[in-house]
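Close look at the chain arrangement
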Amino acid sequence: MKDVLIKFEDVHKSYFLANGEEVPVLRGIDLEIQKGEFVALMGESGGGKSTLLNIIGCLHALSSGKYFLEGRDIGVIREDYALAFVRNKKMGFIFQSFNLLSRMTALQNVALPAIYARIPHAEREARATKLLQSIGLGERVRHRPPELSGGQQQRVAIARALMNDPEIILADEPTGALDSKSGKEIMEIFCEFKERNKTVLMVTHTPEAAKYADRIVFLKDGKITSHDYKLEK
Amino acid sequence: MNFETLKMAFEALLANKVRSGLSMLGIVIGVSTVIIVVGIGLGSQQKVADQYKNLNVTSVIVMGMRGRDSASSTKISEKDVDYVLANAAYVNVGTAVLQGNLDLSYGKTSSSFSVFGSSAKFFDISNLSLAAGRVFTEDESGNTALLTVIGNGVLEKFWDEGTDPETVLGEILTVGNKKLEIIGVLKEIGSSTGPMSYDDSLLVPYSTAAKYLLGSTTKPNLYFLATDADTVDLATAEIELLLRANHKLKAAKENDFRIFDAGSMVGAATDTATTLTILLTSVAAIVLIVSGIGIMNVMFVTVTERTREIGIIKAVGGEQKDILAQFLAESVILSMIGGIIGIGIGEIAIPFLNNLEDWYVLHSPISIFVGFTFSVLVGIFFGFYPALKASRLDPVDALRSE
């Protein structure tokens, strides 16, 4: 049974330079992603991978076209609180540079999304602790990011992304700053997430990471050149 | 704004203690300045009030000319009082007063005090009341009786502290070669800081002062009371006309006396004190505004530095209003703590300032309230724009920033 989670219809996105010049980044994207899929986005730099990810994550507004999430047209939403709500409840972001707040402990970093979901303090801490334990960082809850290794920091970032139990993990080169062992651990966490019928979208340059995906979507010059490429595991 | 926002704001401020402290410093100085200068202003107003508290508001005072045209041309005398009282409609009471400093002795002690020679009416005019004994009668004030009513300062000078005023009645004080019997003691006036203190004075009948004590060296001033507070202006005009008539001044000639009413004297002094208060308060307000600009500057730097944090908060679902609230909370916490410290420093400084000579600074609950409120408002006002700028950052750009 097909359960379409994300559907793009002829999505365009342009940036405008300071002198008013239009720079098209996405030029007519049609894409469908099923619930529970693990999709890798690949392609050369400047091809529009990150922009596509940011549009899916409601960090960017699209210029034209339609974006359906769970059948609802959310490409038309411009209200800050509504976009923040979608990001908070449906999305979990993971970045190449981790983007943890260094003045906060691992626990506080993980609990951050729940603050904006207005979840009470005790419940937040309990859930964040559980998440950190589940990814093997139960001993590190009081550590701050600078006291953790790159792999550990990225796992804290994943725990943060999972905090509000999102539908979709959006990962922008999650293994880019990690050694191969840590990278492998991250991919295994993504696979577990997929097992739970959740969706993972990952921008990556490395075939080692991409081979974990169900399929690879290639982008070039703002267009999709391949929808359904697969690498041998 | 909720508890989470406040907690995060606190943590963010604590993460950069030196900067938070420095940006708070302006507010600390601003608010402590407010506390101190408002205290100084109120102190000077209080000083004026103390100075004139023995001046009946309906009183009108006539003095001789000063300077070039002084004593020789001044013709005011106790006879003017009778003339005015006989002819004026709006004047109730009047007396001539001779005032001078004389050496006074009791036993082996001697000291200089102010001596006032007047009729008994002077007690009403100057709001004086007695702790013991009586005032001199009209008869006594006319027939050079050797009697005196002493101020509390005289009592304290010649007798032990805490001496019952009743016990000194009938004692004899020596002034020059005259011996004056004490018939009354004034209530202590206290806290008076001006020249009008009657604590260190003694009052004697006018004729006594004129004949034996001060008559050869001093000219009298005339004190009158208008019928009530509303007729002071009328009484003043009336007294002026009557004195001119009594002195036979032609229309073209200027007054050969000076005339004041208590209201305008107090008014002028109060105006000066008020002007001082306004001036000092404006200085403090400027200091506060400048410190607010300091906070704004720091908040801008903070927003720029924490752009990535703002991006992260947006990515995990923080709304614009969450970010606005957090940065606003930071600037308000900064300025509020600065305000509280400033109030503390100001209040601690006041007693020290009061120990300095000629300083008179008051504690004022209003300035504490105003200082605190103003510091919070400064935090809101100057924190708002940086916070707004933070909340409107594009999340993707913010995440990309280094």
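It should be emphasised that the depicted structure is a prediction, and the values quoted were computed from it without experimental measurement. By convention here, each chain's residues receive numbers from 1 onward along its written sequence. Written order determines the labels here, with chains lettered from A and ligands numbered from 1. Since the coordinates come from a predicted model, pLDDT governs what is reported: local features require at least 70, and pairs of side-chain atoms require 80 or more to be given and counted, while whole-chain, interface and lining totals use all residues.

Numbering of helices and strands starts at the N terminus; helices are DSSP runs of H or I of at least 4 residues and strands are runs of E of at least 2. Check the secondary structure of chain B and you find 14 helices and ten strands. As a reference, a globule follows 2.2 Å times the number of residues to the power 0.38, and the radius of gyration itself is taken over C-alpha atoms. Computed over its C-alpha atoms, the radius of gyration of chain B comes to 32 Å, more than 25% above the 21 Å expected for a compact globule of 402 residues. For the C-alpha atoms alone, the extent of chain B along its principal axes is close to 100 × 55 × 35 Å. Whether a residue is buried, exposed or partly exposed follows from its count of other C-beta atoms within 10 Å of its own C-beta, namely 20 or more, 12 or fewer, or something in between, respectively; the C-beta atoms are built from the backbone. By residue count, 43% of the 402 residues in chain B fall in the buried class. Two residues qualify as a contact pair if the distance between their C-beta atoms, derived from the backbone, is within 7 Å. The long-range share in chain B, meaning contacts at least 24 apart out of those at least 6 apart in sequence, stands at 83%.

Turning our eyes to something else, we now look at the sheet that holds strand β4 (residues 64–69) of chain A. Residue and element names in this part refer to chain A. The four strands are arranged β2-β1-β4-β5 in an open sheet whose pairing can be described as antiparallel. If you trace the sheet from one side to the other, it starts and ends with β2 (22–34) and β5 (72–73), each paired once. Two strands pair when backbone bridges link them, and β4 and β5 are joined in this way by two bridges, in the antiparallel orientation. Within the sheet, the bridge partner assigned to Phe-68 lies in β5 and is Asp-73. Should DSSP find at least two bridges between two strands, the strands are regarded as paired.

On to the sheet that holds strand β6 (residues 91–95) of chain A, then. Residues and elements named next belong to chain A. The strand order β6-β7-β8-β3-β9-β10 describes an open sheet built from six strands, whose pairing is mixed. Bordering the open sheet on either side are β6 and β10 (223–229), each of which pairs with just one other strand. Between one strand and the next, the sheet's axes are offset by a mean angle of 20°, whatever the strand orientation. Across four bridges, strand β3 (residues 38–43) lies against strand β8 (residues 199–203) in parallel orientation. Paired with Phe-38 across the strands is Val-200, a residue of β8. Lines fitted to C-alpha atoms define the axes here, with helix axes fitted over just the stretch in contact, and angles between the N-to-C directions of these axes take values from 0 to 180 degrees. Together, β6 and β7 (168–172) form the strand contacts of helix α5 (residues 150–162), whose direction differs from that of β6 by roughly 165°. Sheet strands in contact with helix α6 (residues 180–195) are β3, β7 and β8, and its direction is about 150° off that of β8.

With that out of the way, let us pick up the interface of chain A and chain B. Counting from both sides, the interface comprises 19 residues of chain A and, opposite them, 16 residues of chain B. No other element matches helix α2 (residues 80–90) of chain A, which puts five residues into the side of chain A that touches chain B. The residue makeup of the side of chain A that touches chain B, split by class, is eleven nonpolar, four polar and four charged. Classification used: nonpolar for Ala, Val, Leu, Ile, Met, Phe, Trp, Tyr, Cys and Pro, charged for Asp, Glu, Lys and Arg, polar for all others including Gly.

Next up on the list: unusual backbone geometry. It is generally the case that most residues other than glycine have a negative phi and that most peptide bonds are trans. Residues and elements named next belong to chain A. With a phi close to 60°, Cys-58 is a non-glycine residue in the positive phi region. Relative to the helices and strands, Cys-58 resides in the loop between α1 (49–56) and β4. Residue classification places Cys-58 among the buried positions, given that 26 C-beta atoms sit within 10 Å. Of note, the phi angle at Asp-221 is positive, near 50°, even though the residue is not glycine. Structurally, Asp-221 is set in the loop between β9 (215–220) and β10.

Below, the discussion takes up the domain arrangement of chain B. Under the domain assignment used here, chain B contains domain 1 (3–51 + 268–400) and domain 2 (97–226). Domain ranges listed in this record stem from an automatic or a database domain assignment. Relative placement of domain 1 of chain B and domain 2 of chain B: their C-alpha centres are 55 Å apart.

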